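The lines below spell out each chain.
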Amino acid sequence: MWDLHHIADLPGGSTQLFVGLHLIHEVTSPQAFSALKEKGLSVFCPERTVATVDHIVPTTNQERPFADPLAEEMLSTLERNCFEQGITLHGLHSGKQGIVHVIAPELGLTQPGMTIACGDSHTSTHGAFGAIAFGIGTSQVRDVLATQSLSMKKLKVRRIWVNGKLTEGVYAKDLILHVIKTLGVKAGVGYAYEFGGPGISALSMEERMTVCNMAIEGGARCGYINPDFETFSYLHGTTHSPKGEEWEKAKQWWSNLASEPDAIYDDEVVFDATNIAPTVTWGITPGQGISIEELIPTPDSMDPTDRQIALEAYKYMDLEPGTPIQGSSIDVCFIGSCTNGRLSDLHAAANVVKGRKVANGVKAFVVPGSEAVAKAAKEQGLDNVFRTAGFEWREPGCSMCLAMNPDKLEGRQISASSSNRNFKGRQGSASGRTLLMSPAMVAAAAITGRVTDVRDLITYNPENKRNTE
Amino acid sequence: METISVFPKGLVQTVQGSAIALRGDDIDTDRIIPARYLKCVTFEHLGGHVFADDRKELRDKHPFNNNKSLTYSILIVNGNFGCGSSREHAPQALMRWGIRAIIGESFAEIFYGNCLALGIPCVTSASETIKQIQETVELNPFQEWKLDLCKKNFKSKDDIYFWPINIEDSSREMLIEGNWDATAKLVANKGILKEKLKKLPYLNNFKSI
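Residues numbered from 1 in each chain as written. Chains lettered and ligands numbered in written order. Predicted model: local features only at pLDDT ≥ 70, side-chain atom pairs only at ≥ 80, totals over all residues. Heavy atoms only, no water.

As for the overall build of chain A
Scanning chain A for helices and strands turns up 17 helices and 19 strands. Relative to the globule expectation of 23 Å for 469 residues, the C-alpha radius of gyration of chain A, 21 Å, shows essentially globular dimensions. The principal-axis extents of the C-alpha atoms in chain A amount to approximately 55 × 55 × 50 Å. When burial is assessed residue by residue, chain A has 65% of its 469 residues classed as buried. Carbon and sulfur atoms form 50% of the exposed surface of chain A, whose accessible area is close to 15900 Å². Taking the 42 positively charged and 53 negatively charged side chains of chain A as two groups, their mean positions are separated by 2 Å. (Helix = DSSP H or I, 4+ residues; strand = E, 2+ residues; numbered from the N terminus. Rg over C-alpha atoms; globule rule 2.2 N^0.38 Å. Buried < 20%, exposed > 50% of the residue type's maximum accessible area, 1.4 Å probe, protein only. Areas by Shrake-Rupley, 256 points an atom, 1.4 Å probe, with all protein chains shown as cover. Lys, Arg positive; Asp, Glu negative; His and termini not counted. Charge placed at Lys NZ, Arg CZ, Asp CG, Glu CD.)

In structure tokens form, the structure reads like this:
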């Protein structure tokens, strides 16, 4: 696949790599367009770049102009750049707007065998379709706009083989949090993570996207999963997928892309999905995670190189080593993001919430990943399930994953969040705290006001027939 | 603080100036430049907001609040520096504050590439050496330092302190030969790019299958 996109060898041993699909949004593109103009260049293949707006959009009132003039300036700049350069923009209320890593797959823009780049580190998500997909900086966005290619070094590949299947109440998010806590946040530097094995084949495309999405939190620039029947069924009938005779040819080509069973990897690790429990982060990096049944680790139980950041984390999070994470009190519950803002995520959370009420004093809200997700969820009545329970139902966007819009933690509030990063200050307050977990676990936390093992709630939820039969 | 506005251009063979030790592993790009400062359509004003939250919290204990030097600076960090978001705003903020080179144990990949695209070398050394450099730099706040990419070393101007450093051969070559700005080279291959557009199965209705 790499060779197919190879354009030239560049000085210093890099490859000029053709980019099959370039996705842009309002945060990392304006400076790239300006730089392009400064160099007197125009967009080389406007039809291979697709834009949307996600990071800065408010999730309550989306009327223009936005209340925040800076956000308004960013969106109008994107609109102007796309208009001037002939780039398709899926804007607000188009029915196609949403988080870039949610809309490109659901529109069928993301396809196996492509190279996909976007000025956003969670571009690793698209590797779930058997694409080479990676995040880039603004200088590279400029290069892709100018040439539909970029300078890139070939990555090593670590195969992450998952045996067994996830058990009830354990989700793709738990799997990837488990992988990252086991391998660490630096282990993936220089690697692409290829996920495979029965535990991965059993996952839906939405679950696979959750896994590949967080490869970057393990340091790996790309996540990758071989395309299979599941991939093809997901893409079939989407707006941009091939149709008719072309579809059959495409499937044939895609099927041949899969890595050979006897392929040689730079490194291999094996996990067993059946042993994974709901997993929660307790610290300030996505690698500082534990199973819901475990205690917050003590410094003496750690590798010495992990101690310093752990000490920083206890202090910042105000959590005691050697105590359980289960039962920690929660202020805010956020369900959404490019990791877990898809329809199946909302289903998993609604399943827990149905017939229950959000605990007193907890602010809980759901931000669908896209307008299409919001529409489908409404058609299935999920918005009412959440509203009845006391959740707020918002408009699509990145929202409190990184808090570039008005959705922010306040002061030292602690959130249960279905997003991807628990860095200091990530959710909009310099002292705000984040516990990462699956959407179902966030829902459980919203109901009890505390970090809770969701398995205790889904087993005994009288409204949830599937689990009581 | 005044931002330093002459940015790297052409050959990057040595970097001279003050040095700042910033301790800690896994310092992410949200800490280097918190997301609220990303609400901008130019990078121009980012320099003043570098490490905004950490600086506010630590006050004069944060090395970026203590550095009185107006010369370019070399930043000494620990492991996995620049992890997290791909935002080029992070190296841009550091560059606009005055950082012109970073020495560390290891760097997150996208951050490393973003720095290289701006002509800012990220060079490495062993964990123990980095700690030694950080201590020495802190004890000698008025010392002037020199990072030499050609000779692969970092030393004090008075030659009292000296450490060898590592840099990826390819990055070193690009920096010292002034080839780190890729755009011109990519543009030069437009002919091959146009051919590629005609050949890739997914851009041509999968006809060639």
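Section: the nonpolar core
Judged by nonpolar contacts, the single largest core of 128 residues is most densely connected at A:Phe386, B:Phe81, B:Leu94, B:Ile102 and B:Phe111. Per-element tally for this core: the top contributor is helix α15 (residues 439-448) of chain A, with eight residues. With sequence-adjacent residues up to four places away left out, B:Phe81 is seen in contact with B:Leu22, B:Ile27, B:Ile32, B:Phe51, B:Leu75, B:Leu94, B:Ile102, B:Ser106, B:Phe107, B:Ala108 and B:Phe111. (Core = buried A, V, L, I, M, F, W, Y, C linked by side-chain atoms within 4.5 Å. Contact = heavy atoms within 4.5 Å.)

Some thoughts on the sheet that holds strand β12 (residues 267-272) of chain A
Residue and element names in this part refer to chain A. In spatial order, the strands read β11-β10-β9-β12; together these four strands make up an open sheet with parallel pairing. Looking at the sheet topology across the chains shown, the edges are occupied by β11 (222-224) and β12. In this sheet, neighbouring strand axes are inclined to one another by 20° on average, regardless of whether the strands run parallel or antiparallel. Note: strand β9 (residues 156-163) against strand β10 (residues 191-196), six bridges, orientation parallel. Paired with isoleucine 160 across the strands is phenylalanine 195, a residue of β10. (Pairing = 2+ DSSP bridges. Axes fitted to C-alpha atoms, helices over the stretch in contact; angles between N-to-C directions.)

Quick word on the packing of aromatic side chains
Residue and element names in this part refer to chain A. Under the counting rule described, the total for this entry stands at 20 aromatic pairs over all chains. Both rings, one in tryptophan 247 and one in tryptophan 254, keep their centres 5.5 Å apart while their planes meet at 85°; by these two values the pair is edge-to-face. A single burial state applies to tryptophan 247 and to tryptophan 254, both of which are buried. One residue, arginine 64, lies across the ring of phenylalanine 66, its end atom 5.4 Å from the ring centre. Between arginine 158 and the ring centre of tyrosine 191, over which it is positioned, the NZ or CZ distance is 4.1 Å. (Phe/Tyr/Trp six-rings, centres within 6.5 Å; stacked < 30°, edge-to-face > 60°. Lys NZ or Arg CZ within 6 Å of the ring centre and 35° of its normal.)

As for unusual backbone geometry
The omega torsion of the bond from A:Arg64 to A:Pro65 falls at -10°, within 30 degrees of zero and hence cis. Summarising the element assignment, A:Pro65 is placed in the loop between β4 (49-52) and α2 (69-85). At A:Ala403, a position not held by glycine, the phi torsion is positive, near 55°. Here A:Ala403 shows up in the loop between β17 (392-393) and β18 (414-417). Accessibility expressed as a relative area gives 1% for A:Ala403, which makes it buried. Located in the positive-phi region is B:Phe206, a residue other than glycine, with phi close to 55°. If you trace the backbone, B:Phe206 turns up in the segment after α9 (190-199).

Notes on the interface of chain A and chain B
The interface is formed by 77 residues belonging to chain A together with 54 residues belonging to chain B. At the surface where chain A touches chain B, the tally comes to seven salt bridges. Put simply, A:Lys153 and B:Glu168 hold a salt bridge, and the shortest N to O gap is 3.0 Å. Of all the secondary structure elements, the ones that give two or more residues to the side of chain A that touches chain B are β1 (6-9), β2 (15-18), α1 (30-38), α2, α4 (138-147), β8 (149-152), α9 (244-255) and α10 (304-317) of chain A. Its residues placed into classes, the side of chain A that touches chain B shows 33 nonpolar, 27 polar and 17 charged. (Salt bridge = Lys/Arg side-chain N within 4 Å of Asp/Glu carboxyl O. Nonpolar A, V, L, I, M, F, W, Y, C, P; charged D, E, K, R; others polar.)

Here we look at the pairing of β8(A)
All names here are of chain A. Here β8 shows no split at all, with Ser149 and Ser151 on one side and Leu150 and Met152 on the other all buried. Sheet topology note: the β2/β8 ladder contains four bridges and is antiparallel. Residue leucine 17 lies in a different strand from β8, and its bridge partner there is leucine 150.

So, the domain arrangement of chain A
Many structure descriptions define interface size as the accessible area lost when the parts assemble. Residues and elements named next belong to chain A. By domain assignment, chain A separates into domain 1 (3-152), domain 2 (157-228 + 255-275) and domain 3 (280-468). A straight line from the C-alpha centre of domain 1 to that of domain 2 covers 25 Å. Taken together, the two surfaces of domain 1 and domain 2 that pack against each other cover about 1300 Å², and 63% of this comes from carbon and sulfur. Taken together, the connections running from domain 1 to domain 2 amount to zero salt bridges. Seen at the junction of domain 1 and domain 2, the total is eight residue pairs in polar contact (both at pLDDT 80 or more). Sorting the residues of the side of domain 1 that touches domain 2 by element identifies α3 (100-106) and β7 (132-135) as the ones contributing at least two each. No other element matches the four residues that β7 contributes to the side of domain 1 that touches domain 2. Across the side of domain 1 that touches domain 2, the residue classes tally to ten nonpolar, ten polar and no charged. (Domains from an automatic or database assignment. Buried area = accessible area lost by both parts, 1.4 Å probe. Polar contact = N/O pair within 3.5 Å; in protein donor to acceptor, adjacent residues only side chain to side chain.)

Things to note about the sheet that holds strand β3 (residues 21-24) of chain A
Residues and elements named next belong to chain A. Judged by pairing direction, the sheet is parallel, and its five strands sit side by side in the order β5-β4-β3-β6-β7 without closing on themselves. Only two strands of the sheet have a single neighbouring strand rather than two, namely β5 (88-90) and β7. Ignoring which end each strand starts from, the neighbouring axes of this sheet average 20° apart. Sheet topology note: the β4/β5 ladder contains three bridges and is parallel. From the neighbouring strand, alanine 51 faces β5, where its bridge partner is leucine 89.

Considering the side chain of B:Asn78
Residues and elements named next belong to chain B. Structurally, the position occupied by asparagine 78 is in the loop between β2 (73-76) and α4 (89-97). The class for asparagine 78 is buried, based on a relative accessible area of 5%. Within the structure, the side chain of asparagine 78 is placed 2.9 Å from the backbone nitrogen of glycine 24, a separation counted as a polar contact. A polar side-chain atom of asparagine 78 sits 3.1 Å from a polar atom in the side chain of glutamine 134. Residues in contact with asparagine 78, not counting those within four places in the same chain, are Leu22, Arg23, Gly24, Asp25, Gly104, Glu105, Ser106, Ile130 and Gln134.

Examining the confidence of the model for chain A
The predicted model of chain A has a mean per-residue pLDDT of 96, with 98% of residues at 70 or higher. Note that residues 465-469 of chain A has pLDDT below 50 and, in this model, eight contacts with residues that lie over four places away or in other chains. (pLDDT = per-residue confidence, 0-100.)

A closer look at empty space enclosed by the protein
Residues and elements named next belong to chain A. All told, the structure shown has six cavities of 30 Å³ or more when counted by the stated rule. Of the pockets and cavities examined, the largest cavity occupies roughly 210 Å³. Residue lining of the largest cavity: 22 residues in total, with His55, Asp120, His122, Leu402 and Arg426 positioned closest to the centre. Two domains each donate at least three residues to the lining of the largest cavity, and these are domain 1 (3-152) and domain 3 (280-468). (1 Å grid on protein atoms, 1.4 Å probe; cavity = no way out; pocket = protein on both sides within 12 Å on 5 of 7 lines; lining within 4 Å. Points joined across faces, edges and corners; volume = space filled by probe spheres on them.)

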